[in-house]
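Summary of the model geometry
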Amino acid sequence: MAKKNEIIVKDVAIKTMSKDGIDYICITDIAKQKNFIDPNGVIANWMRNRNTIEFLGIWETLHNPSFNPIEFEGFRKEAGLNAFTLSPTRWIEATNAIGVFSNSGRYGGTYAQTDIAFEFASWISVEFRLYLVMEFQRLKTKEQELLGWSAKRELSKINYRIHTDAIKSHLIPEEVTREQANIIYAEEADVLNVAMFGMTAKQWREANPELKGNIRDYATINELICLSNMENINAVLINDGMSQGERLIKLNQIAIQQMQVLEGNNGRNLLK
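Residues numbered from 1 in each chain as written. Predicted model: local features only at pLDDT ≥ 70, side-chain atom pairs only at ≥ 80, totals over all residues. Heavy atoms only, no water.

Focus: the overall build of the protein chain
Operational definition: A helix here means a DSSP run of H or I that spans at least four residues, while a strand means a run of E at least two residues long, and both kinds are numbered starting from the N terminus. Only protein chains enter the calculation, and the probe is 1.4 Å; a residue is then buried if its accessible area is under 20% of its type maximum, exposed if over 50%, and partly exposed in between. Only heavy atoms matter for contacts: two residues are in contact if any of them lie within 4.5 Å across the pair. Only the protein chains shown count as covering a residue, and every accessible area follows the Shrake-Rupley method with a 1.4 Å probe.
When you go through the protein chain residue by residue, the secondary structure sums to eleven helices and five strands. Expressed as a percentage of its 272 residues, the buried residues of the protein chain come to 39%. For the protein chain, contacts bridging at least 24 residues in sequence account for 59% of all contacts bridging at least 6. Only carbon and sulfur atoms are counted for the fraction: they give 51% of the accessible area of the protein chain, which is about 15,600 Å².

See the structure below:
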């Protein structure tokens with residue numbers, strides 16, 4: 001499934017899309033920088049250029065094993081002639097190109113792989129190209145940050161299931177009610193919360209009534225990494241029969257040690 005997004009470049013909205021692992025930028029949107037009324041005409045003029053055809057052909061040769069070099073050679077010979085015209089659709093159908101594609105609907109337009117889109121932007125305006133590259137790089141950086149946070153959050157959730165299985169086996173007596181089980185789970189979750197954040201979930205909610213979610217939703221990447229490790233360690237300590245109080249001290253020591261390594265911060269104090 002294609003992943004869609006949008007960036008703003010000099011007050012112009014530019015659609016982006018990730019398809020089959022390749023990033024594309026809407027060159028129809030870029031063309032509006034030159035001619036808002038007829039962006040397709042701008043693209044057609046660009047594709048008539050011999051340098052454009054050679055650039056597209058070289059890109060496809062490097063990245064597309066199904067590229068048709070015979071059709072490409074025919075276009076290359078005709079490029080620049082007064083009668084020569086070439087649309088993105090004709091280029092795609094004749095050469096099996098993957099660097100350019102056309103889309104319909106809400107995210108409609110002609111899209112080009114980032115190398116090609118940046119080349120097109122240079123043809124429109126060198127200044128616009130520089131701003132486009134900057135905003136696109138900013139988008140990819142943000143996506144990587146969100147991906148990293150999401151991955152750590154999912155890891156934390158998986159380890160929490162391991163953690164709760166250990167509680168179910170070693171802390172919950174036979175045939176307890178659901179309410180009793182929930183009380184035990186809450187206490188164990190707060191053991192990790194106090195060891196990591198210095199407060200229980202309830203204390204955090206009382207201190208932050210304006211925030212939605214829970215304390216872990218506002219944790220940093222390093223805190224989530226540390227919390228993930230602590231959940232595994234707590235499951236082992238539960239299996240070993242260590243009391244809750246002893247585990248709290250042990251987990252807090254581990255949390256401080258790991259956060260000192262991750263953050264280079266020696267300012268936190270051990271629980272007494």
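A few points about the nonpolar core
Stated formally: For our purposes a nonpolar core is just a set of buried Ala, Val, Leu, Ile, Met, Phe, Trp, Tyr and Cys residues, chained together by side-chain atoms within 4.5 Å.
The biggest cluster of nonpolar side chains holds 36 residues, and the ones touching the most others in it are Ile14, Ile25, Ile27, Ile30, Trp91, Phe120 and Leu132. Elements represented by at least two residues in this core include exactly strand E1 (3-9), strand E2 (12-19), helix H1 (27-31), helix H2 (39-47), helix H3 (50-63), helix H4 (69-78), helix H6 (114-124) and helix H7 (126-170). If you tally residues by element for this core, the top one is H6, at six residues. The residues touching Leu132, leaving out its near neighbours within four places in the chain, are Ile7, Val9, Ile14, Ile25, Ile30, Ala117, Phe118 and Ala121.

Quick word on H2
Those residues of H2 that sit buried are Pro39, Gly41, Val42, Ile43, Trp46 and Met47. In the core, the buried residues of H2 are packed alongside H1, H3, helix H5 (88-95), strand E5 (109-113) and H6.

Let's talk about H6
Helical geometry: 3.6 residues make up each α-helical turn, so side chains three or four residues apart lie on a common side. Formally: In the analysis that follows, any N or O atom pair within 3.5 Å is treated as a polar contact, provided that within protein one partner can donate a hydrogen and the other can accept it, and provided that, for residues neighboring in sequence, both atoms belong to side chains.
Buried within H6 we find Thr114, Ile116, Ala117, Phe118, Phe120, Ala121 and Ile124. Between the side-chain oxygen of the N-cap and the backbone nitrogen of Asp115 there are 2.7 Å, and the N-cap of H6 in question is Gln113.

Concerning the packing of aromatic side chains
What counts, and what does not: Note on ring pairs: Phe, Tyr and Trp rings are taken, using the six-membered ring of Trp, and paired if centres are within 6.5 Å. Classes follow the plane angle, with under 30 degrees stacked, over 60 edge-to-face and the rest tilted. Only when the NZ of Lys or the CZ of Arg is both within 6 Å of the ring centre and within 35 degrees of the ring normal is a charge said to sit over the ring.
Under the criterion given, the structure shown has eleven aromatic pairs. Seen from their ring centres, Phe72 and Trp91 are 6.4 Å apart, and the 80° between their planes marks the pair as edge-to-face. Here the residue Phe72 occupies a position in helix H4, and Trp91 occupies one in helix H5, the gap between them amounting to 19 residues. An aromatic cluster of at least three residues, connected via ring pairs, comprises Phe67, Phe72, Phe75, Phe84 and Trp91. When the ring centre of Phe101 is taken as reference, the NZ or CZ atom of Lys19 above it lies at 4.2 Å. Above the plane of the ring of Trp123 lies Lys34, whose end atom (NZ or CZ) is 6.0 Å from the centre.

Overview of the confidence of the model for the protein chain
Definition in use: Predictor confidence is given residue by residue as pLDDT, running from a minimum of 0 to a maximum of 100.
When pLDDT is averaged across the protein chain, the result is 80; 79% of the residues are at 70 or more. A low-confidence stretch, residues 171-177 (pLDDT under 50), is modelled with eleven contacts involving residues beyond four sequence positions or located in other chains. Every residue in residues 265-270 scores below 50 in pLDDT, and together they form twelve contacts with partners more than four places removed in sequence or on other chains.

Remarks on the packing of H2 against H6
Let me state the cut-off plainly: Angles run from 0 to 180 degrees between N-to-C directions of axes, and those axes are lines fitted to C-alpha atoms, restricted for helices to the stretch in contact. Just so you know how the angles are binned, under 35 degrees is roughly parallel, over 145 roughly antiparallel, 65 to 115 roughly perpendicular, and the rest oblique. Amino acids are sorted into nonpolar (Ala, Val, Leu, Ile, Met, Phe, Trp, Tyr, Cys and Pro), charged (Asp, Glu, Lys and Arg) and polar (every other residue, Gly among them).
Two elements in contact, H2 and H6, have axes separated by 11 Å at closest approach and are oriented at 100°. Accordingly, the angle class assigned to the pair H2 and H6 is roughly perpendicular. Counting all contacts with H2, which are made through Val42, Ile43, Asn45 and Trp46, the residues of H6 involved are Ile116, Glu119, Phe120, Trp123 and Ile124. Residue classes in the contact of H2 with H6 are distributed as seven nonpolar, one polar and one charged.

Observations regarding the environment of Ile58
Following the sequence through the fold, Ile58 ends up in helix H3. Residues Ile58 and Phe72, 14 residues apart in the sequence, show an inter-C-alpha distance of 9.8 Å.

Things to note about the pairing of strand E3 (residues 22-26)
Threshold: Here, a strand pair is defined by DSSP locating no fewer than two bridges between the strands.
With four bridges connecting them, E2 and E3 associate as antiparallel partners. Residue pairing in the sheet places Met17 in a bridge with Tyr24 of E3. Between E2 and E3, which pair antiparallel in sequence order, lie two residues; one of them, Asp20, sits at a positive phi of approximately 55°. Pairing of E3 with E5, which is carried by three bridges, proceeds in the antiparallel orientation. The residue of E5 that forms the bridge with Ile25 is Ala112.

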